[in-house]
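Spelled out, the chains give:
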Amino acid sequence: DMIENEEEDDMRRFYFLFSRLDDGLQNSAKTFQAHLKKVGTNIMAQQKAIKDTKKAIGNAIPFIKELLTLHGKYLRIITTCFTKDGDSKGDTLF
């Protein structure tokens, strides 16, 4: 789908079209949020699945980096694709 494949041009067009409809973006926002929650939950589950404490601690920095990368990626997508005129200070989908 557009989100998983990071098809930013398509996401911008989607936002442009649906932002003109009353409540046109409500379901889209829910879909995006569900996707983001699924990806974040998977990252958390991978860390939680490490039963050995030393391994879990050893994986702490890569785990945090993965979460920060996830945050940066989707923050960039939100601010570049889901804002009016691509302005990060404008109204966003979220």
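Above this text sits the structure in question.
Residues numbered from 1 in each chain as written. Predicted model: local features only at pLDDT ≥ 70, side-chain atom pairs only at ≥ 80, totals over all residues. Heavy atoms only, no water.

Q: When you look at the overall build of the protein in this model, what are you seeing that I'm missing?
A: The helix and strand tally for the protein stands at 4 helices and 0 strands. Taken from N to C terminus, the helices and strands of the protein fall in the order α-α-α-α. Among the 94 residues that make up the protein, the fraction classed as buried is 26%. Relative to all contacts within the protein whose residues are 6 or more apart in sequence, the contacts with residues 24 or more apart total 55%. Only carbon and sulfur atoms are counted for the fraction: they give 56% of the accessible area of the protein, which is about 6800 Å². (Helix = DSSP H or I, 4+ residues; strand = E, 2+ residues; numbered from the N terminus. Buried < 20%, exposed > 50% of the residue type's maximum accessible area, 1.4 Å probe, protein only. Contact = heavy atoms within 4.5 Å. Areas by Shrake-Rupley, 256 points an atom, 1.4 Å probe, with all protein chains shown as cover.)

Q: Looking at this model, I keep getting lost on the nonpolar core. Mind explaining?
A: Nonpolar side chains in soluble globular proteins tend to be buried together. The biggest cluster of nonpolar side chains holds 13 residues, and the ones touching the most others in it are Ile3, Met11, Phe32, Tyr74, Ile77, Cys81 and Phe82. Those elements giving two or more residues to this core turn out to be α1 (8–18), α2 (26–48) and α4 (60–81). Here this core takes 6 residues from α4, the largest share from any one element. Not counting residues within four places of it along the chain, the set of residues in contact with Cys81 comprises Glu8, Met11, Arg12, Tyr15 and Arg76. (Core = buried A, V, L, I, M, F, W, Y, C linked by side-chain atoms within 4.5 Å.)

Q: Would you mind showing me how to read the pattern of salt bridges here?
A: Any two side chains of opposite charge can pair, given that their charged atoms come close. The final tally for this structure, using the stated rule, is 5 salt bridges. The salt bridge involving Glu8 is made with Arg76; its shortest N-O contact spans 2.1 Å. In this pair, Glu8 sits in helix α1 while Arg76 sits in helix α4, placing the two residues 68 residues apart along the sequence. Given a relative accessible area of 17%, Glu8 falls into the buried group. Looking at Arg76, the relative accessible area reads 34%, which means it is partly exposed. Note that Asp9 and Arg12 form a salt bridge whose closest N and O atoms lie 2.8 Å from each other. One end of the pair is Asp9 and the other is Arg12, both in helix α1 and 3 residues apart, which spans about a single turn. Each of Glu8, Asp9, Arg12 and Arg76 takes part in a single network of salt bridges with overlapping partners. (Salt bridge = Lys/Arg side-chain N within 4 Å of Asp/Glu carboxyl O.)

Taken by themselves, the reported measurements are silent on function.
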